[in-house]
Amino acid sequence: MNFENQLEQLGLILPSPAKPAGSYKPCLIVDNIAYISGQGPLLEDGSFAKGVIGKDIDIETGQKHAQKCGLAILSALKNEIGDLNKVDQLVKITGFVNCTSDFTQQPLVINGCSDLMKEVFGDKGVHARAAVGVNSLPLGFTVEIEAIFKIRL
Amino acid sequence: MNFENQLEQLGLILPSPAKPAGSYKPCLIVDNIAYISGQGPLLEDGSFAKGVIGKDIDIETGQKHAQKCGLAILSALKNEIGDLNKVDQLVKITGFVNCTSDFTQQPLVINGCSDLMKEVFGDKGVHARAAVGVNSLPLGFTVEIEAIFKIRL
Amino acid sequence: MNFENQLEQLGLILPSPAKPAGSYKPCLIVDNIAYISGQGPLLEDGSFAKGVIGKDIDIETGQKHAQKCGLAILSALKNEIGDLNKVDQLVKITGFVNCTSDFTQQPLVINGCSDLMKEVFGDKGVHARAAVGVNSLPLGFTVEIEAIFKIRL
């Protein structure tokens with residue numbers, strides 16, 4: 001399975017890597033593990049999707065934003081390792097959903113990223129995960145997702 | 001120290017593994033590290049404890065729910081590795097407490113899981129930890145906890 | 001580069017290690033990775049800075065508190081490994097900001113810790129990161145930060 005081809009066949013285009021919103025790296029590799037910094041829903045024009053799910057953003061839109069976070073994660077990873085075929089396994093993602101206190105469908109929202117990873121990497125994209133709600137995210141992101149990959153160097 | 005016997009002597013029964021609330025695995029192993037997905041307070045009847053600590057749930061109940069999260073973590077791990085005696089060390093847990101903004105006793109709540117781990121695994125159950133409050137959790141969970149174990153395969 | 005000297009030249013003093021607020025260890029080492037438990041903004045007198053950013057705490061104060069969390073992280077690490085020169089790389093930090101729902105400058109706040117790490121460790125202090133807002137933290141902390149280091153034993 002060629003992960004780069006798979007992305008292309010799915011008609012998915014990686015955004016240009018997001019500039020870090022602070023003093024850190026988008027991707028840090030230690031031994032054969034790549035830690036990807038928390039990524040927001042990066043849009044085609046370089047801006048981020050903003051809003052509160054359960055208030056001004058619905059679940060379906062939230063899922064699309066979680067997919068955008070996933071694409072930003074892949075962009076950050078590819079920018080560091082050069083070729084997504086070096087991915088051995090997606091290990092874990094943590095998804096933070098900017099939502100109202102009565103919103104409880106965080107798992108459905110984060111599926112937008114989890115499903116993307118399975119489509120791109122097959123079995124090697126099925127991962128451990130935590131999904132939680134929070135009352136605020138950087139720059140007003142609707143969703144923020146971080147990830148850990150095992151890679152072959 | 002036999003961890004399976006220890007569980008039994010404590011009168012603790014592992015719940016059936018919770019079905020993931022999305023497109024992910026409850027436990028993913030990479031090399032000798034097991035990442036356990038965020039687990040809610042799984043009750044005997046297969047449902048989850050719901051509510052907001054500081055509002056309709058008190059600290060003692062929250063501690064019991066954190067213990068339930070811990071048992072769900074052990075169930076997810078055992079379902080993957082077959083025998084809890086393969087645990088070499090509990091490395092880290094992250095506990096998310098669904099709470100009001102004026103509730104600040106998250107550490108006491110998450111002790112319900114941390115104490116369980118020490119009772120079951122002894123020194124090998126004493127771990128690093130973060131505990132934070134959040135305004136909402138999946139399905140209305142009172143508590144959600146994820147974990148990282150070092151195991152022997 | 002001598003990291004202990006660097007701390008001294010920066011005029012920074014590590015606080016005494018904070019006592020865990022629950023049943024866990026401040027630092028747990030597995031193989032060559034050190035996991036540091038979530039640390040609050042530990043002040044010189046042993047108390048913690050409390051408050052809500054965006055309400056009673058401004059960004060600049062929040063940044064100073066994030067630096068205090070970073071110093072508490074280094075204290076916890078040094079207490080376990082004895083010498084900060086054993087640090088090979090800061091891998092990741094996760095910063096939780098106790099804030100109002102309309103506060104969206106979490107990255108600026110957490111820079112208080114990220115910048116500290118770069119000043120102390122140089123390139124080896126530049127890390128992956130996630131920063132999120134939450135509605136409550138233990139004991140009323142303004143900021144809580146956890147960390148992962150690669151070390152040489």
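Right above here is the structure, for reference.
Residues numbered from 1 in each chain as written. Chains lettered and ligands numbered in written order. Predicted model: local features only at pLDDT ≥ 70, side-chain atom pairs only at ≥ 80, totals over all residues.

We now examine the relation of the copies chain B and chain C. Between chain B and chain C, the superposition needs a rotation of 120° and an axial shift of 0.0 Å, giving an RMSD of 0.0 Å. Taken together, these values place the two copies in the relation of a three-fold axis. Residue V134 of chain B of chain B places its C-alpha closer to the rotation axis than any other residue of that unit, at 3.1 Å. The two copies present different faces, since only 8% of the interface residues in chain B are matched by interface residues at the equivalent positions in chain C. (Least-squares fit on C-alpha atoms with pLDDT ≥ 70 in both. Contact = placed C-beta atoms within 7 Å.)

Time to look at the interface of chain B and chain C. Taken together, the contact between chain B and chain C spans 26 residues of the former and 22 residues of the latter. Mapped by element, the contributors of at least two residues to the side of chain B that touches chain C are β3 (87-98), α3 (106-121) and β4 (128-134) of chain B. The leading source of residues in the side of chain B that touches chain C is α3 of chain B, at eight residues. (Helix = DSSP H or I, 4+ residues; strand = E, 2+ residues; numbered from the N terminus.)

Right, let's get into the interface of chain C and chain A. Interfaces are frequently sized by the accessible area removed from exposure as the parts join. Tallying the contact residues gives 26 residues for chain C and 22 residues for chain A. If you list the elements that add at least two residues to the side of chain C that touches chain A, you get β3 (87-98), α3 (106-121) and β4 (128-134) of chain C. Sorting elements by how many residues they give to the side of chain C that touches chain A places α3 of chain C first, with eight residues. Looking at side-chain class alone, the side of chain C that touches chain A contains 12 nonpolar, nine polar and five charged residues. (Nonpolar A, V, L, I, M, F, W, Y, C, P; charged D, E, K, R; others polar.)

Superposition record for chain C on chain A: RMSD 0.0 Å, screw rotation 120°, translation along axis 0.0 Å. Little of the interface of chain C is mirrored in chain A, where only 8% of its interface residues are also at the interface.

All names here are of chain C. Taken in spatial order, the five strands of this open sheet run β1-β2-β5-β3-β4, and their pairing is mixed. The outermost strands of the open sheet, each flanked by one partner alone, are β1 (27-30) and β4. Going from strand to strand, the sheet's axes swing by 15° on average, the running direction of each strand aside. In terms of strand pairing, β3 meets β4 through seven bridges, oriented parallel. Considered in β4, the bridge of T94 is made with A130. Sheet strands in contact with helix α2 (residues 59-81) are β1, β2 (33-39), β3 and β5 (143-151), and its direction is about 40° off that of β5. (Pairing = 2+ DSSP bridges. Axes fitted to C-alpha atoms, helices over the stretch in contact; angles between N-to-C directions.)

A separate point is the environment of L116 of chain C. Residue and element names in this part refer to chain C. Along the chain, the position of L116 falls in helix α3. Taking the C-beta count within 10 Å as the criterion, L116 has 24 such neighbours and is therefore assigned buried. Sequence-wise, L116 and I81 are 35 residues apart; in three dimensions their C-alpha atoms are separated by 20 Å. Setting aside residues up to four positions removed in sequence, L116 forms contacts with Q67 and G70. (Buried ≥ 20, exposed ≤ 12 C-beta atoms within 10 Å, placed from the backbone.)

Let us look at the pairing of strand β2 (residues 33-39) of chain B. Residue and element names in this part refer to chain B. The element β2 is extensively covered by neighbouring structure, given that seven of its seven residues are classed as buried. The pairing of strand β1 (residues 27-30) with β2 spans four bridges and is antiparallel. Paired with L28 across the bridge in β2 is Y35. Here β1 folds back onto β2 in antiparallel fashion, the turn holding two residues, of which D31 has a positive phi close to 55°.

Turning next to the packing of helix α2 (residues 59-81) of chain A against helix α3 (residues 106-121) of chain A. Residue and element names in this part refer to chain A. For the pair α2 and α3, the least separation of the axes is 7 Å and the interaxial angle reads 40°. Here α2 is positioned oblique relative to α3, judged by the angle of their axes. Here α2 runs over α3; the crossing is right-handed. Between α2 and α3, the contacting residues are I59, G62, Q63, K64, H65, A66, Q67, C69 and G70 on the first element and L108, V109, I110, N111, G112, C113, L116 and M117 on the second. Split into classes, the residues belonging to the contact of α2 with α3 amount to nine nonpolar, seven polar and one charged. (Parallel < 35°, antiparallel > 145°, perpendicular 65-115°, else oblique. Left-handed = near helix turned anticlockwise from the far one by under 90°.)

The strands making up a sheet are joined through hydrogen bonds of the backbone, oriented either antiparallel or parallel. Residues and elements named next belong to chain A. In space, the five strands of this open sheet follow the order β1-β2-β5-β3-β4, with mixed pairing throughout. Looking at which strands have only one partner, the edges of the open sheet turn out to be β1 (27-30) and β4 (128-134). The mean angle between the axes of side-by-side strands here comes to 15°, regardless of whether they run parallel or antiparallel. Taken together, the five bridges between strand β2 (residues 33-39) and strand β5 (residues 143-151) define a ladder with antiparallel strand orientation. Bridging across to β5, Q39 finds its partner in I145. Relative to β5, α2 is tilted by about 40°, and along the sheet it contacts β1, β2, β3 (87-98) and β5. On top of the sheet, α3 reaches β3, β4 and β5; it is set at about 160° to β3, its chief contact.

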